[in-house]
Structures are given as structure tokens and as C-alpha cells.
Amino acid sequence: MEEEYVLNAHNKEEFPPAHTAEHLLNQLMMRTYNCERSNNAHIERKKSKITYLLDHKPDRKEEKYIEKTMNELIESDMPVTYEFANRYDLPENIVLDRLPDNASNTIRLVRIGDYDVCPCIGKHVRSTSQIGRFEMLGTNWDEEKKSFRIRFKIIQ
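Everything quoted here is computed from the prediction, not taken from an experiment.

1. Remarks on the overall build of the protein chain
Along the backbone of the protein chain there are two helices and seven strands. Counting from the amino terminus, the protein chain carries its helices and strands in the arrangement α-β-β-α-β-β-β-β-β. In summary, the protein chain has a C-alpha radius of gyration of 16 Å against a globular reference of 15 Å for 156 residues, a match within 12%. Expressed along its principal axes, the backbone C-alpha trace of the protein chain runs to roughly 45 × 35 × 25 Å. Looking at the protein chain residue by residue over its 156 residues, the buried ones come to 44%. Long-range pairs, those at least 24 residues apart, make up 65% of the contacts in the protein chain with a sequence separation of at least 6. In the structure as shown, the protein chain presents an accessible area of about 9,700 Å², 45% of it carried by carbon and sulfur atoms. Taking the average location of the 24 positive side-chain charges in the protein chain and that of its 27 negative ones, the two points are 7 Å from each other.

Printed below as a string of C-alpha cells:
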């Protein structure tokens, strides 16, 4: 039986498949473009958008690679698990800069197989195969800001 911990207040009701896909997309973009996780995401049931700061505008071939790889990751049926850790004794590469100042000392880490781990208090699916299909709806590039916005939806 799982114990229920309330670590920090959470004012959002995520759509677990899209929210879990957001974790996968963040890690894919970090690995592909050596960028940071998005700090500008709007994840919803019908349509989501997420923005990354990149050094160049991805071309159509790169966009197709993102969509194809996302669906391969989803189909790989990686388990989504949780662990709790003290904020002062976290695994390497865990960044807390997006947590509120009043976040608790106990941090919930969400792990997707061996692919991604990050602090998160949101709702997720139990394994990636429960996400559905990732469909890229379009992208926008802002040359001045070097920002790349991906619009996508999850089809179940």
C-alpha cells in the first residue's frame, strides 16, 4: 500500500498522459539540443505547447525526428516511478531552481525508466505506453529570442 505524502501545495490538475509526455519531451530536447528543460509550458488535454531556448531553428527533418523519437519512447513502455529524497542529498543532475522558495525539504522525484528523472508533484501515468500517440501540430521559431515552440497533442 502506497502512503500519500503532501509535500507542497499544487494548484493544477494535470492530464497525466500529456504531463508525462512533457517529461519525455524535456529530456529528449535536452539530449538532442543540449538545452535546459522548458520553463514555458502549457500542457492540456486537447492541445499543449512548450518552448525551448535553442542555438538554431530546427529544420523539418529535426521536427520529424522529435515526433518519431517521442513515439518510440512512449512505445518502449518505461515504468514511471516515484522516490522521495532530501533536497540536500539529491542524485547528481537534479536541479531545484524551479521549485518555490518555500518548498519542503523532502522532494518527490519522478523517474521514467532510466531515461529521465526530475522533481515534480504532478500526476503521471504508470508507464509510458499509457500515454498514447504524440502528434506534433506545429512549431514556431523566434529568431530574436532563439526560442522554439512546439505545439502538440496526445491521441489516446
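Next, the rest of the story.
2. Some words on the sheet that holds strand 1 (residues 40-42)
Read across the open sheet, the four strands follow the order 1-2-7-6; overall the sheet is antiparallel. Looking at the sheet topology across the chains shown, the edges are occupied by strand 1 and strand 6 (133-142). The average angle at which neighbouring strand axes cross in this sheet is 20°, direction not considered. Where strand 1 and strand 2 (residues 48-53) come together, three bridges link them in antiparallel fashion. From the neighbouring strand, Asn40 faces strand 2, where its bridge partner is Thr51. Across the face of the sheet, helix 2 (residues 60-75) comes into contact with strand 6 and strand 7 (147-155) while running at roughly 150° to strand 6.

Quick notes on the rules
- Residues numbered from 1 in each chain as written.
- Predicted model: local features only at pLDDT ≥ 70, side-chain atom pairs only at ≥ 80, totals over all residues.
- Heavy atoms only, no water.
- Helix = DSSP H or I, 4+ residues; strand = E, 2+ residues; numbered from the N terminus.
- Rg over C-alpha atoms; globule rule 2.2 N^0.38 Å.
- Buried < 20%, exposed > 50% of the residue type's maximum accessible area, 1.4 Å probe, protein only.
- Contact = heavy atoms within 4.5 Å.
- Areas by Shrake-Rupley, 256 points an atom, 1.4 Å probe, with all protein chains shown as cover.
- Lys, Arg positive; Asp, Glu negative; His and termini not counted.
- Charge placed at Lys NZ, Arg CZ, Asp CG, Glu CD.
- Pairing = 2+ DSSP bridges.
- Axes fitted to C-alpha atoms, helices over the stretch in contact; angles between N-to-C directions.

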